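Architecture at a glance
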Amino acid sequence: MARQHARTLWYDRPKYVFMEFCVEDSTDVQVLLEDHRIVFSCKNADGVEMYNEIEFYAKVNSKDSQDKRSSRSITCFVRKWKEKVAWPRLTKEDIKPVWLSVDFDNWRDWEGDEEVELAQVEHYAEDESSGEDMTGT
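Read on for an overview of the structure. (Residues numbered from 1 in each chain as written. Predicted model: local features only at pLDDT ≥ 70, side-chain atom pairs only at ≥ 80, totals over all residues. Heavy atoms only, no water.)

**A look at the sheet that holds strand E3 (residues 27–33)**
What counts, and what does not: Strand pairing is defined by DSSP finding a minimum of two bridges between the two strands. Secondary structure counts use DSSP, requiring at least four H or I residues in a row for a helix and at least two E residues in a row for a strand, with both numbered from the N terminus. Each axis is a line fitted through C-alpha atoms, and for a helix only the stretch in contact is used; angles between axes span 0 to 180 degrees, taken between their N-to-C directions.
An order of E3-E4-E5 is seen for the three strands of this open sheet, with the pairing classed as antiparallel. Two strands lie at the open edges of the sheet, namely E3 and strand E5 (49–55), each paired on one side alone. Averaged over all pairs of adjacent strands, the angle between strand axes in this sheet comes to 5 degrees, irrespective of strand direction. Relative to strand E4 (residues 37–43), E3 runs antiparallel, the two being bridged by five bridges. In the sheet register, Leu33 faces E4, and the bridge partner there is Ile38.

Take a look at the structure:
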């Protein structure tokens, strides 16, 4: 059976880049995060293997990044190596894959945004400490 790409939304913040892999009722979730790329794989509700590999626009701190799984998606927040530097795109290559889109619901100017960003990270950390993180990262 052929692999498919998971629809992926992303948005940029001063300290983090957020990615949401949109796969409902995922199983066998694996997130491999390295300083220059992320490899995501899982199976969807129909047993189809989903696979995304993204070479990042810039270096990230893979040790200070997390992911959280819900019934609808897997969200990764990846710490930037250079904070307060805007990413014009998620990928190293200037070619946008058809499965990758900007999350305009969460995209906003950075003015005064660090408190919002910190609240989002703390929210994910709280959910993770309650046992919702299933990926082991």
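Back to the write-up after that little detour.
**Things to note about the environment of Asp35**
Condition: Polar contacts, as counted here, are pairs of nitrogen or oxygen atoms within 3.5 Å of one another; within protein the pair requires one atom able to donate a hydrogen and one able to accept it, and residues that are adjacent in sequence qualify only if both atoms are side-chain atoms.
Following the sequence through the fold, Asp35 ends up in the loop between E3 and E4. Through-space distance from the C-alpha of Asp35 to that of Lys63 is 8.6 Å; in sequence the pair is 28 residues apart. A polar contact of 2.8 Å, which involves the side chain of Asp35, links it to the side chain of Ser62.

**Notes on the pattern of salt bridges**
We count it as follows: Salt bridge, as applied in this entry: a Lys or Arg side-chain nitrogen positioned within 4 Å of an Asp or Glu carboxyl oxygen. Accessibility here uses a 1.4 Å probe with only protein chains present; expressed as a share of the type maximum, an area under 20% marks a residue as buried, one over 50% as exposed, and anything in between as partly exposed.
Scanning the model with the defined rule gives eight salt bridges in all. Between Arg3 and Glu49 there is a salt bridge, and its shortest N-O distance comes to 4.0 Å. Taken as a pair, Arg3 in the segment before strand E1 (7–12) and Glu49 in strand E5 lie far apart in primary sequence, 46 residues in all. You can call Glu49 partly exposed: its relative accessible area is 30%. Residue Glu53 pairs with Arg37 through a salt bridge whose shortest N-O separation is 2.6 Å. Here Arg37 lies in strand E4 and Glu53 lies in strand E5, a separation of 16 residues in the sequence. With relative accessibility at 34%, the residue Glu53 sits in the partly exposed group. Using a relative accessible area of 21% as the deciding quantity, one classes Arg37 as partly exposed.

**Let's talk about the pairing of strand E6 (residues 60–69)**
Bridge count between E6 and strand E7 (residues 74–80): six bridges; the pairing is antiparallel. Bridge assignment links Val60 to a residue of E7, and that residue is Lys80. Hairpin remark: E6 followed by E7, antiparallel, with four residues in the connecting loop.

**What about the nonpolar core?**
Spelled out, the test is: What makes a nonpolar core is a set of buried Ala, Val, Leu, Ile, Met, Phe, Trp, Tyr and Cys residues whose side-chain atoms join them at distances within 4.5 Å. Contacts are residue-level and defined by heavy atoms, with any inter-residue pair within 4.5 Å sufficient.
Counting residues in hydrophobic clusters, the biggest one holds 23 residues, and the most contacted among them are Met19, Ile38, Phe40, Ile54, Phe56, Cys76 and Leu90. Among the elements of the structure, strand E2 (16–22), E3, E4, E5 and E7 are those that each provide at least two residues to this core. The residues touching Cys76, leaving out its near neighbours within four places in the chain, are Val17, Phe18, Met19, Phe21, Val31, Ile38, Gln66 and Asp67.

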